[in-house]
Amino acid sequence: MVERGSPEKRGRLSRPLVLAAAVALVDRDGLAALTMRRLATDLGVEPMAIYRYTAGKEALVDGLVEAFFAEVNDRLRTSAGEIHSDRDAESAGLLWRAELRRIARAFAFVVHAHPEILPVVATRPLSLPVARRPAPLLQLTEHILAVLGRAGFDDATVLSIYRAFVAWNLGCLLVDKRQVVDNPEEPDLMLRLGLHRLPAAEYPRLRALVPRLAEYDDEQELIAGLDSLLSRMPEAPLDSFYGGSAP
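What counts and what doesn't
Residues numbered from 1 in each chain as written. Predicted model: local features only at pLDDT ≥ 70, side-chain atom pairs only at ≥ 80, totals over all residues. Heavy atoms only, no water. Helix = DSSP H or I, 4+ residues; strand = E, 2+ residues; numbered from the N terminus. Contact = heavy atoms within 4.5 Å. Phe/Tyr/Trp six-rings, centres within 6.5 Å; stacked < 30°, edge-to-face > 60°. Buried < 20%, exposed > 50% of the residue type's maximum accessible area, 1.4 Å probe, protein only. Lys NZ or Arg CZ within 6 Å of the ring centre and 35° of its normal. Arc of directions from axis to C-beta. Salt bridge = Lys/Arg side-chain N within 4 Å of Asp/Glu carboxyl O.

S.K.: Before we go on, may I ask you to explain the environment of phenylalanine 153 in this structure?
M.R.: Summarising the element assignment, phenylalanine 153 is placed in the loop between helix H9 (135-150) and helix H10 (155-174). In this structure, the C-alpha to C-alpha distance between phenylalanine 153 and proline 237, residues 84 residues apart in sequence, is 6.6 Å. For phenylalanine 153, the residues in contact, after removing those within four places along its chain, are Trp96, Leu148, Val158, Ile161, Pro234, Glu235, Ala236 and Pro237.

Below you can see the structure in the form of structure tokens.
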């Protein structure tokens, strides 16, 4: 048996393994539970062994963002053929929109797999200069900009569509049904959502509409809203962006 912290155990560590364990820990117990000591326990090593792969707690949080976008990019690679089967988009000259929908679906899939990480994904990159952000995030950003550039948009329009696309995806998924549940074990709807805490005379619309917010189909709303948003964008001059590769 290999003892905890032994050279044999440490030899099996790698940065991807450390980050995967960190993601699993946050998935299971939430972001507040992520510490170097707790992660070391999950990996069966001494805490100091992890510092070879991440400089500390702040770097580990950056690693969550790195792992998240690496998973998004992996999903895009495995689904790259879908863009060629979208004949309606191809015949209408709207391949760039179809590709943005594919990216949005991949992003939403990973969000649903790791919902506790989404707030970090939405906010953490803002604290870092662009060049120091995780490589998988930069790769996805480069791909989106390339999609729009190859469609023939000028630089100003590329950035306008990019900002709208990112804002809609993050905003829609952050307004999530898990956030409105106060007590998931409570069978009564009003109690489960914590609405009994709100005086009916002061908050009648909140009490009436929050249950519907808890039940909405976020992926359907994500794509429907994205289609509506993109339909208001300028027509692409070329729309010849896609050469069979993804990030």
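S.K.: Even after reading the chapter, I still don't get the packing of aromatic side chains, so can you show me in this structure?
M.R.: Given two aromatic rings, their pairing is described by the distance between the two centres and the angle made by the two planes. Evaluation of the coordinates by the stated rule reveals four aromatic pairs. Pairing phenylalanine 68 with phenylalanine 69 gives two aromatic rings, centres 5.3 Å apart and planes at 75°, and the pair type is edge-to-face. With a relative accessible area of 2%, phenylalanine 68 lands in the buried category. On the basis of relative accessibility, which here comes to 6%, the residue phenylalanine 69 falls in the buried class. Put simply, the rings of Phe68, Phe69 and Phe107 touch in pairs and so form one group of aromatic residues. Over the ring of phenylalanine 109 we find arginine 75, and its NZ or CZ is 3.5 Å from the ring centre.

S.K.: Just to check I follow, could you spell out helix H3 (residues 36-43) for this structure?
M.R.: Residues spaced three or four apart along an α-helix face the same direction, because each turn holds 3.6 residues. Taken together, the buried positions of H3 are Met36, Leu39, Ala40 and Leu43. Along H3, the residues classed as buried sweep out an arc of 100° about the axis, all on the same side. The positive-phi residue at the C-terminal boundary of H3 is glycine 44, with phi of around 75°.

S.K.: Explain the pattern of salt bridges to me, please; I cannot follow it from the model alone.
M.R.: Think of it this way: side chains of opposite charge can pair up when their charged atoms draw near. Scanning the entire structure with this criterion turns up eleven salt bridges. Measuring nitrogen to oxygen at the nearest pair gives 3.1 Å for the salt bridge that ties aspartate 29 to arginine 28. The salt bridge partner of arginine 197 is aspartate 182, with a shortest N-O separation of 2.9 Å. In this pair, arginine 197 is assigned in the loop between helix H11 (189-192) and helix H12 (204-213) and aspartate 182 in the loop between H10 and H11, connecting sequence segments 15 residues apart. According to the relative accessible area criterion, arginine 197 is exposed, its value standing at 57%. By relative accessible area, aspartate 182 is classed as partly exposed at 40%. If you follow the salt bridges from partner to partner, you end up with Arg28, Asp29, Arg38 and Asp42 in one network.

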